[in-house]
Amino acid sequence: MTIATLAEVLQPALRDGYAVAGLVTLGWEDMRAYVAAAEAEGVPVILQAGPSCRAHTPLPILGKMFRHLAEGASVPVVAHLDHGYTAEDCRIAIDSGFTSVMFDGSRNALEDNIAETAAIVGMAHAAGVSCEGEIGFVGYSGGEGSAGTDPEEARQFAQETGVDAMAISVGNVHLQQDKEGGLDIDRIRAIEAITEVPLVIHGGSGVPVAQRKMLARESRICKFNIGTELRMAFGAAMRDAVNSDPDRFDRVSILSETHDPVVAAARSVLRAFKGETQC
């Protein structure tokens, strides 16, 4: 069994100059493809259950699915709760077999975010589970704007919460479909200069691939969340499968044709995060 905690995969990445992908799952088909891609590339992978995934499938079921895939995998697999908004979200995930939880208190005042995140870190660590927090709200394409992370607040947050990983807002945006933007390198360097915790980029689909590669090797960013890019690959593959035979109605047959294209897309994503010793 290769189930792992977030800390167990991020600390080696921080030490050896690479990053681990947090791949956002929506169902069995994509999570299975993501593990196959990680095995093909020989790298660890973080399977992430975000709010939309949890609205479709209960956390206890997702925990069993993630752990079942980990049991048969040849690479470390992290079962991660993405954007838990309450302590109850995180508690249910821990009870359901998740090995990592992300508490998102980034909309809250700094003092409240620190206090709530620290309490969840304590609960998670007591159960042998890792915890990620967020400081500086990361916005959404076409929606809420981002609030850039203040380096001094990041230092205080990391120190007072004890998080295993810290998500930061440095020009990244959730749900971005193009890669025309770029991250604020100066802000990243300022945060790195006064913190030691592994850093996380949410909205990684919008980050240019060349910048992903550079930051994976040359920064404390050890985790990039990728969702939109792979959902687009899944949607295109399913559309092709449906359109190839309008009379076909068996969803198992249709969905089976998404596997290879999603594996290929995920492998491309994973390759960008490899360090020199992994290539």
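Residues numbered from 1 in each chain as written. Predicted model: local features only at pLDDT ≥ 70, side-chain atom pairs only at ≥ 80, totals over all residues. Heavy atoms only, no water.

(A) Quick look at the environment of Pro58. Here Pro58 is to be found in the loop between helix H3 (51-56) and helix H4 (59-71). Look at Pro58 and you get partly exposed, because its relative accessible area is 47%. When the C-alpha positions of Pro58 and Ile92 are compared, they lie 9.8 Å apart, and in sequence the two are 34 residues distant. (Helix = DSSP H or I, 4+ residues; strand = E, 2+ residues; numbered from the N terminus. Buried < 20%, exposed > 50% of the residue type's maximum accessible area, 1.4 Å probe, protein only.)

(B) Representation of the packing of aromatic side chains in the model. A full pass over the atoms with the stated rule returns two aromatic pairs. For the pair Phe66 and Phe98, a centre-to-centre distance of 5.6 Å together with 65 degrees between the ring planes defines the contact as edge-to-face. Highlighted residues: Phe66 in helix H4 and Phe98 in the loop between helix H5 (87-95) and strand E5 (100-103), separated in sequence by 32 residues. In this structure Phe66 comes out as buried when scored by relative accessible area, which is 0%. Ring centres of Phe224 and Phe273 lie 4.8 Å apart, and the angle between their planes is 15 degrees; this geometry places the pair in the stacked category. (Phe/Tyr/Trp six-rings, centres within 6.5 Å; stacked < 30°, edge-to-face > 60°.)

(C) Structural detail: the pairing of E5. Burial of the side chains of E5 extends over both faces: Ser100 and Met102 are buried on one face and Val101 and Phe103 on the other. Of the strand pairs in this sheet, strand E4 (residues 77-84) and E5 are connected by three bridges, and their pairing is parallel. Across the sheet, the residue bridging to His80 is Ser100, located in E5. Regarding topology, H5 serves as the crossover connection from E4 to the parallel E5, and that connection is right-handed. Note that E5 and strand E6 (residues 130-135) share four bridges and pair parallel. What sits directly across from Phe103, in E6, is Gly133. Regarding the hand of the β-α-β motif, the stretch spanning E5, helix H6 (residues 110-126) and E6 is right-handed. (Pairing = 2+ DSSP bridges. Right-handed = clockwise from strand over helix to strand, strands pointing away.)

(D) The arrangement of the pattern of salt bridges in detail. Scanning the entire structure with this criterion turns up twelve salt bridges. Each of Glu41, Arg267, Arg271 and Lys274 takes part in salt bridges that share partners, so that together they form one network. (Salt bridge = Lys/Arg side-chain N within 4 Å of Asp/Glu carboxyl O.)

(E) View of the layout of surface pockets. If you add up the space inside the second largest pocket, you get close to 230 Å³. Forming the boundary of the second largest pocket are 16 residues, of which Leu26, Gly27, Glu29, Asp30 and His56 lie nearest the centre. Sorting the residues of the lining of the second largest pocket by element identifies helix H2 (28-41), H3, H4 and helix H10 (228-244) as the ones contributing at least two each. Counting residues per element, the lining of the second largest pocket draws most heavily on H2, at five residues. Of the residues in the lining of the second largest pocket, the class split is nine nonpolar, four polar and three charged. (1 Å grid on protein atoms, 1.4 Å probe; cavity = no way out; pocket = protein on both sides within 12 Å on 5 of 7 lines; lining within 4 Å. Points joined across faces, edges and corners; volume = space filled by probe spheres on them. Nonpolar A, V, L, I, M, F, W, Y, C, P; charged D, E, K, R; others polar.)

(F) View of empty space enclosed by the protein. Applying the stated rule across the entire model yields one cavity of 30 Å³ or more. Approximately 50 Å³ is the volume attributed to the largest cavity. In this structure, the largest cavity is lined by Ala19, Val20, Ala21, Val43, Pro44, Leu270, Phe273, Lys274 and Gln278. For the lining of the largest cavity, the residue count by class is seven nonpolar, one polar and one charged.

(G) Structural view of helix H1 (residues 6-16). Among the residues making up H1, those that are buried are Leu6, Val9, Leu10 and Ala13. Looking down the long axis of H1, one finds its buried residues gathered within 90 degrees of arc, a one-sided arrangement. Across H1 from its buried face, at more than 90 degrees, point the exposed residues Glu8 and Arg15. The positive-phi residue at the C-terminal boundary of H1 is Gly17, with phi of around 75 degrees. (Arc of directions from axis to C-beta.)

(H) Main features of a negative patch on the surface. Taken together, Glu111, Asp112, Glu116, Asp150 and Glu153 make up a surface patch of like negative charges. For the negative patch, the element with the highest residue contribution is H6, accounting for three residues. With respect to the helices and strands, the residue Glu111 is situated in helix H6. Given a relative accessible area of 56%, Glu111 falls into the exposed group. (Patch = residues over 30% accessible without salt bridge, like charges linked within 9 Å, V, L, I, M, F, W, Y side chains within 5 Å. Areas by Shrake-Rupley, 256 points an atom, 1.4 Å probe, with all protein chains shown as cover. Lys, Arg positive; Asp, Glu negative; His and termini not counted. Charge placed at Lys NZ, Arg CZ, Asp CG, Glu CD.)

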